[in-house]
Amino acid sequence: MTDLDALRSALHGSPAESGTVDVAAVMRSGRRIRTRRRLVRGGGVVSGTAALLVAIFVIGQPGTGTAPEQQPLIEITAAKPADPNSIPVGNVVMTGFDNEVLYFVAGYREPYENKRSPTVATDPDRPALPTGTGYGLTLGNNGVGRIIPLQTTGAAGRWTGFHSITTRGLDGTLDAGNVGGTRLYGYYEGDVRRIVLELDDEVVATARTAKWSADGTITIFWFAPEDIPSDEALHAFRLLAYDQNGQLMPY
Amino acid sequence: MSRGDRQFVEFVEANSARLMRAAHLLIGDRHQAEDAVQSALARTYASWSRVRNQDAYAYARRVLTNLTIDRWRRPIKEQVRDSFPDRPGPRDFTQDHAQQEWLMRVLGQLTPRERAIVVLRHYLDLSEAEVAAELKVSLGTVKSTNSRALAKLRITLSPAGATSGEETR
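Residues numbered from 1 in each chain as written. Chains lettered and ligands numbered in written order. Predicted model: local features only at pLDDT ≥ 70, side-chain atom pairs only at ≥ 80, totals over all residues. Heavy atoms only, no water.

## What about the overall build of chain B?
For chain B, the count of helices and strands is 9 helices and 0 strands. Ordered by position in the sequence, the α and β elements of chain B form the string α-α-α-α-α-α-α-α-α. Here chain B holds 169 residues, and the buried ones make up 54% of them. (Helix = DSSP H or I, 4+ residues; strand = E, 2+ residues; numbered from the N terminus. Buried < 20%, exposed > 50% of the residue type's maximum accessible area, 1.4 Å probe, protein only.)

Take a look at the structure:
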């Protein structure tokens, strides 16, 4: 018997104990998932229509493009509490949820590691990499007649793809005041027309989008909180971006 | 109970042990493996009307794999070492539990990516191309990672082993 045969024999061997599956519980959970997916699909049309505060681009259908060899799962960028004195640069986007707004701020300082060039990192005392936008994407709340900055995500370098994919509600330090579900937002650099959230190869939500007035290559995106099932691990989802021809764009 | 539900119950009865075993090999923790299988089966049931007339097992396996491999999808820097770890201790195949203890010990030496590829390739018997598609990585990545993993385990391929274990089906 070769070593490989021994490994395979061990892999196929019988463990001393084997777990059991509660089929009834599985089916109950499956029904909840199925119901939620239906609600998401059905509700997406209604809420999408209602959210015409911003431009929503729905061109092309997901799945018509050629899938890249590797489409990673979501990588969340950690956000920090926003500078209360920060000033918006460009347009302030109304998300339509809980008086929340998204906008960029200048001078955001955060050391960051460029995932496309791991050896490059910013000096923590400098605003950002010269190649980056130099701006931080900020989630704020304008429910009291003025914008209260909540959290900011550091601007990374520039490339076609997703940037600053961020949540609010999963990080306990930023959880206070979070209402109505998990937030998921960020921005995409490139001529994106449609951004969707996918679970198990099925589209479960379409992002709301708005161009940043200061740079038309930047599209801010966010999802309706109710589109993000709270009892699903967010990192099991995939974010997909499509161009005007329905072709899949880089992650 | 509807006909579809009966089919699903039969599907679970027929495949849960294999999925459970795969999850345990992938994760290394029995309780987490059980949770992962429950979640994978729940998602399979949620899509049952669509997948039951296709390859439902492949669907459940793919969901399970996605649930268990996300750790190395995240920006975790894998430490590639020039030297391999010490050879695992003496193996005792006279008893199943000793064999399983050895197996879990040696799998524990692998990175999550290496472990996933070894399990998909050598337990679930997927071809290298199928592993690449399952994990959405390149064929070259599968080949190199599999070779590195086997080298870490000090597994040398005999000509026969190379034929049965390394070919791309």
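Text resumes after the structure shown.
## Observations regarding unusual backbone geometry
Look at Ser164(A): it is not a glycine, yet its phi comes out positive at around 50 degrees. On the secondary structure map, Ser164(A) appears in strand 6 (residues 161-168). If you check the backbone angles, Asp125(B) has positive phi at about 60 degrees while not being a glycine. Given a relative accessible area of 33%, Asp125(B) falls into the partly exposed group.

## What about the sheet that holds strand 11 (residues 215-222) of chain A?
Residue and element names in this part refer to chain A. Pairing is antiparallel across the open sheet formed by 4 strands, whose spatial order is 6-7-11-10. Of all the strands in the sheet, the pair left with one neighbour each is strand 6 and strand 10 (208-212). Adjacent strand axes in the sheet meet at a mean angle of 20 degrees when their direction is disregarded. Two strands pair when backbone bridges link them, and strand 7 (residues 183-189) and strand 11 are joined in this way by 5 bridges, in the antiparallel orientation. Within strand 11, the residue paired with Tyr188 across the bridge is Thr219. (Pairing = 2+ DSSP bridges. Axes fitted to C-alpha atoms, helices over the stretch in contact; angles between N-to-C directions.)

## A word on the confidence of the model for chain A
Residue and element names in this part refer to chain A. In this model, chain A carries an average pLDDT of 70, and 60% of its residues clear a pLDDT of 70 or more. For chain A, per-element mean pLDDT is lowest for helix 2 (residues 23-50), which scores 64, and highest for strand 10, which scores 95. Confidence drops under pLDDT 50 across residues 111-132; counting only partners more than four residues distant or on other chains, this segment forms 40 contacts. Per-residue pLDDT stays below 50 along residues 170-178; that stretch engages in 13 contacts with residues further than four places along the chain or on separate chains. (pLDDT = per-residue confidence, 0-100. Contact = heavy atoms within 4.5 Å.)

## Re the nonpolar core
The tendency in soluble globular proteins is for nonpolar side chains to be buried side by side. Leu7(A), Phe8(B), Phe11(B), Leu41(B) and Leu103(B) are the most contacted members of the largest nonpolar core, which has 58 residues in total. Considering each element in turn, this core owes the most residues, 11 residues, to helix 1 (residues 3-27) of chain B. Counting contributing residues per domain, this core is built from domain 1 (1-71) and domain 2 (93-169) of chain B, each supplying no fewer than three. Ignoring anything within four residues of it in the chain, the contact list for Phe11(B) reads Ser16(B), Leu41(B), Thr44(B), Trp48(B), Ala56(B), Tyr57(B) and Ala60(B). Formed by 20 residues, the second largest nonpolar core is a distinct cluster that contains Ala207(A), Phe221(A), Phe223(A) and Phe237(A). (Core = buried A, V, L, I, M, F, W, Y, C linked by side-chain atoms within 4.5 Å. Domains from an automatic or database assignment.)

## Concerning the confidence of the model for chain B
Residue and element names in this part refer to chain B. For chain B, per-residue confidence averages 76 on the pLDDT scale, and residues scoring 70 or more make up 74% of the total. Across chain B, helix 1 holds the top mean pLDDT of 90, while helix 9 (residues 159-166) sits lowest at 41. Within the model, pLDDT remains below 50 along residues 71-93, and this stretch shows 43 contacts once partners closer than five positions in the same chain are excluded.

## A closer look at the pairing of strand 6 of chain A
Looking down a regular strand, the side chains alternate between one sheet face and the other. All names here are of chain A. Strand 6 sits mainly inside the fold: 8 of its 8 residues count as buried. Relative to strand 7, strand 6 is paired through 6 bridges, and the arrangement is antiparallel. Note that in strand 7 the partner of Phe162 across the bridge is Tyr188.

## Focus on the sheet that holds strand 5 (residues 148-153) of chain A
All names here are of chain A. Pairing is antiparallel in the open sheet, where 5 strands are placed in the order 1-5-4-3-2. Looking at which strands have only one partner, the edges of the open sheet turn out to be strand 1 (80-81) and strand 2 (88-94). Sheet analysis places strand 4 (residues 135-141) next to strand 5, joined by 5 bridges and oriented antiparallel. Each residue of the ladder has a partner; that of Leu137, found in strand 5, is Thr153.

## Looking at the pairing of strand 8 (residues 194-199) of chain A
All names here are of chain A. Most of strand 8 sits out of view: 6 of its 6 residues are buried. Burial of strand 8 is two-sided: the residues Arg194, Val196 and Glu198 facing one way and the residues Ile195, Leu197 and Leu199 facing the other way are all buried. Across 5 bridges, the pairing between strand 8 and strand 12 (residues 238-242) is antiparallel. Bridging across to strand 12, Glu198 finds its partner in Arg238.

## Comments concerning helix 1 (residues 3-11) of chain A
Across the 9 residues that make up helix 1 of chain A, a large majority, 7, are buried. Along helix 1 of chain A, the residues that are buried comprise Asp3(A), Leu4(A), Ala6(A), Leu7(A), Arg8(A), Ala10(A) and Leu11(A).

## Re the packing of helix 6 (residues 112-123) of chain B against helix 7 (residues 128-135) of chain B
All names here are of chain B. At a closest axis distance of 10 Å, the pairing of helix 6 and helix 7 adopts a crossing angle of 135 degrees. Looking at the two axes, helix 6 sits oblique to helix 7. Once helix 6 is placed against helix 7, the crossing between them reads as right-handed. For the pair formed by helix 6 and helix 7, the contact residues are Ile117, Leu120 and Arg121 on the first element and Glu128, Val131, Glu134 and Leu135 on the second. (Parallel < 35°, antiparallel > 145°, perpendicular 65-115°, else oblique. Left-handed = near helix turned anticlockwise from the far one by under 90°.)

## With respect to the packing of aromatic side chains
All names here are of chain A. If you walk through the whole model with that rule in mind, you get 11 aromatic pairs over all chains. Judged by centre distance (4.1 Å) and plane angle (35 degrees), the ring pair of Phe104 and Trp212 falls under tilted. In this pair, Phe104 sits in strand 3 (residues 100-106) while Trp212 sits in strand 10, placing the two residues 108 residues apart along the sequence. Each of the two residues, Phe104 as well as Trp212, counts as buried. Arranged with centres 4.8 Å apart and planes meeting at 85 degrees, the rings of Phe162 and Tyr188 form a pair that is edge-to-face. Of the two residues, Phe162 is situated in strand 6 and Tyr188 in strand 7; the sequence distance between them amounts to 26 residues. (Phe/Tyr/Trp six-rings, centres within 6.5 Å; stacked < 30°, edge-to-face > 60°.)

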